[in-house]
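Secondary and tertiary structure notes
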Amino acid sequence: MRYKAVLFDMDGTVLNTLGDLTEAVNHTLREFLMPERTQAEVAGFLGNGAARLIGCSVPEGTSPELTAKVLEKYAPYYDSHCDILTAPYEGIVPLMEELKARGVKQAVISNKQDTAVKPLAEKHFPGLLETAVGESATVRRKPNPDAVTSALEYMKVDRTEAIYVGDTEVDIQTAVNAGMECASVGWGFRSVEQLRQAGAERIFETPEELGRYLLAE
């Protein structure tokens, strides 16, 4: 096998979370009498964690203090409403099942808060992952390699024998910072052109195409 482990980003890579994220953002903005955002806008804000998502979603000129209050309301609301519209992308679960059958270890790495990452991973990918790691008090958000390092250590796999798979420029930089190979996917929150501009070296259009590469001998 080409790799002993595959580390997947969550949002936009293995799970389509955009509907629930957009609803949670807009619910919170309404509480503060702020204008709502479109799904396309929210997609563009994703990739750097909840703090940046809210920072971009509030109106320009919003004070840091008020932005912090919006974030404080958003995080618990999203945690309790994170799995209404969310579902794996078509083809992802069969890909993970095949990787597991071939003995490849798998993990999910996310800038979503850890309190949402773990239950989502457990529900949608039961028995397929070794671990799932999100942002927390002890794990800094990507592109810092904390979560990647934690997952690799847990799986007991060297970074030279693993690959990181993601859908944004943040994922590309995360792989660079972790000293790992990177595969970018074109079905997530960034276009193929945006990925190329961010320096993507390998871009896959479908999970099936990605699987053929990952499973090559």
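As shown above, the structure is provided for reference.
In this report, we go over the structure that sits alongside the text. What you are looking at is a predicted structure, and each value in this text was computed from that prediction instead of being measured.

1. A look at the overall build of the protein
Helix and strand content of the protein: 10 helices and 8 strands. Expected size for 217 residues packed as a compact globule is a radius of gyration near 17 Å; at 17 Å, the protein falls within 12% of this value. Seen through its principal axes, the protein has C-alpha atoms that stretch 55 × 35 × 30 Å. Here the protein holds 217 residues, and 52% of them are scored as buried. Taking contacts inside the protein between residues at least 6 apart in sequence as the whole, the part at least 24 apart equals 65%. Carbon and sulfur atoms provide 51% of the accessible area of the protein, an area that totals close to 9900 Å². Averaging the positions of the 22 positive and the 33 negative side-chain charges in the protein gives two centres separated by 3 Å.

2. Description of the side chain of Asp167
Within the secondary structure, Asp167 is located in the loop between strand S6 (162-166) and helix H8 (169-178). Arg190 is the oppositely charged side chain nearest to the buried, salt-bridge-free Asp167, at an N-O distance of 5.7 Å. Polar contacts involving the side chain of Asp167 include one to the main-chain amide nitrogen of Phe189, which spans 2.8 Å. Discounting residues that sit within four places of it in the chain, Asp167 has contacts with Asp9, Asp11, Gly12, Thr13, Val185, Gly188, Phe189, Arg190 and Leu195.

3. Describing the pattern of salt bridges
Scanning the entire structure with this criterion turns up 14 salt bridges. Taking the shortest distance from any N to any O, the salt bridge between Glu23 and Arg30 comes out at 4.0 Å. Accessibility expressed as a relative area gives 39% for Arg30, which makes it partly exposed. Two residues, Asp114 and Lys118, come together in a salt bridge whose shortest N-O distance is 2.8 Å. Highlighted residues: Asp114 and Lys118, both in helix H6 (residues 114-124), separated by 4 residues, approximately one helical turn. With relative accessibility at 18%, the residue Asp114 sits in the buried group.

4. Things to note about the sheet that holds strand S1 (residues 5-9)
One open sheet accounts for 6 strands, arranged S5-S4-S1-S6-S7-S8; its pairing is parallel. Pairing within the sheet leaves two strands with one partner each, and these edge strands are strand S5 (131-135) and strand S8 (203-204). Here S1 pairs with S6 via 4 bridges, running parallel. Directly across from Phe8, in S6, lies its bridge partner Val165. Docked against the sheet, helix H5 (residues 92-101) engages S1 and strand S4 (105-113), running at close to 160 degrees with respect to S1.

5. Brief notes about the pairing of S5
The buried count for S5 comes to 4 of 5 residues, which makes it a mostly enclosed element. Pairing geometry for S4 and S5, over 4 bridges, is parallel. Paired with Gln113 across the two strands is Glu135, which belongs to S5. For the crossover from S4 across H6 to S5, the handedness is right-handed.

6. Section: the packing of helix H3 (residues 50-57) against helix H4 (residues 64-80)
The interhelical angle for the contact between H3 and H4, taken along N-to-C directions, is 125 degrees, at an axis separation of 9 Å. The angle between H3 and H4 falls in the class oblique. Remark: the crossing between H3 and H4 carries right-handed chirality. For the pair H3 and H4, the contacting residues are Ala50, Ala51, Leu53, Ile54 and Gly55 in the first and Thr67, Val70, Leu71 and Tyr74 in the second.

7. Notes on the packing of H5 against helix H10 (residues 207-214)
Packed helices, taken two at a time, are described by the angle between their axes plus the distance between the axes. Look at H5 against H10: their axes get within 9 Å of each other, and the N-to-C directions meet at 15 degrees. Relative to H10, H5 is oriented roughly parallel. Crossing geometry of H5 relative to H10 is assigned as right-handed. Between H5 and H10, the contacting residues are Ile92, Leu95 and Leu99 on the first element and Pro207, Leu210, Gly211 and Leu214 on the second. Here the residues of the contact of H5 with H10 are counted per class, giving 6 nonpolar, 1 polar and no charged.

Definitions and cut-offs
Residues numbered from 1 in each chain as written. Predicted model: local features only at pLDDT ≥ 70, side-chain atom pairs only at ≥ 80, totals over all residues. Heavy atoms only, no water. Helix = DSSP H or I, 4+ residues; strand = E, 2+ residues; numbered from the N terminus. Rg over C-alpha atoms; globule rule 2.2 N^0.38 Å. Buried < 20%, exposed > 50% of the residue type's maximum accessible area, 1.4 Å probe, protein only. Contact = heavy atoms within 4.5 Å. Areas by Shrake-Rupley, 256 points an atom, 1.4 Å probe, with all protein chains shown as cover. Lys, Arg positive; Asp, Glu negative; His and termini not counted. Charge placed at Lys NZ, Arg CZ, Asp CG, Glu CD. Salt bridge = Lys/Arg side-chain N within 4 Å of Asp/Glu carboxyl O. Polar contact = N/O pair within 3.5 Å; in protein donor to acceptor, adjacent residues only side chain to side chain. Pairing = 2+ DSSP bridges. Axes fitted to C-alpha atoms, helices over the stretch in contact; angles between N-to-C directions. Right-handed = clockwise from strand over helix to strand, strands pointing away. Parallel < 35°, antiparallel > 145°, perpendicular 65-115°, else oblique. Left-handed = near helix turned anticlockwise from the far one by under 90°. Nonpolar A, V, L, I, M, F, W, Y, C, P; charged D, E, K, R; others polar.

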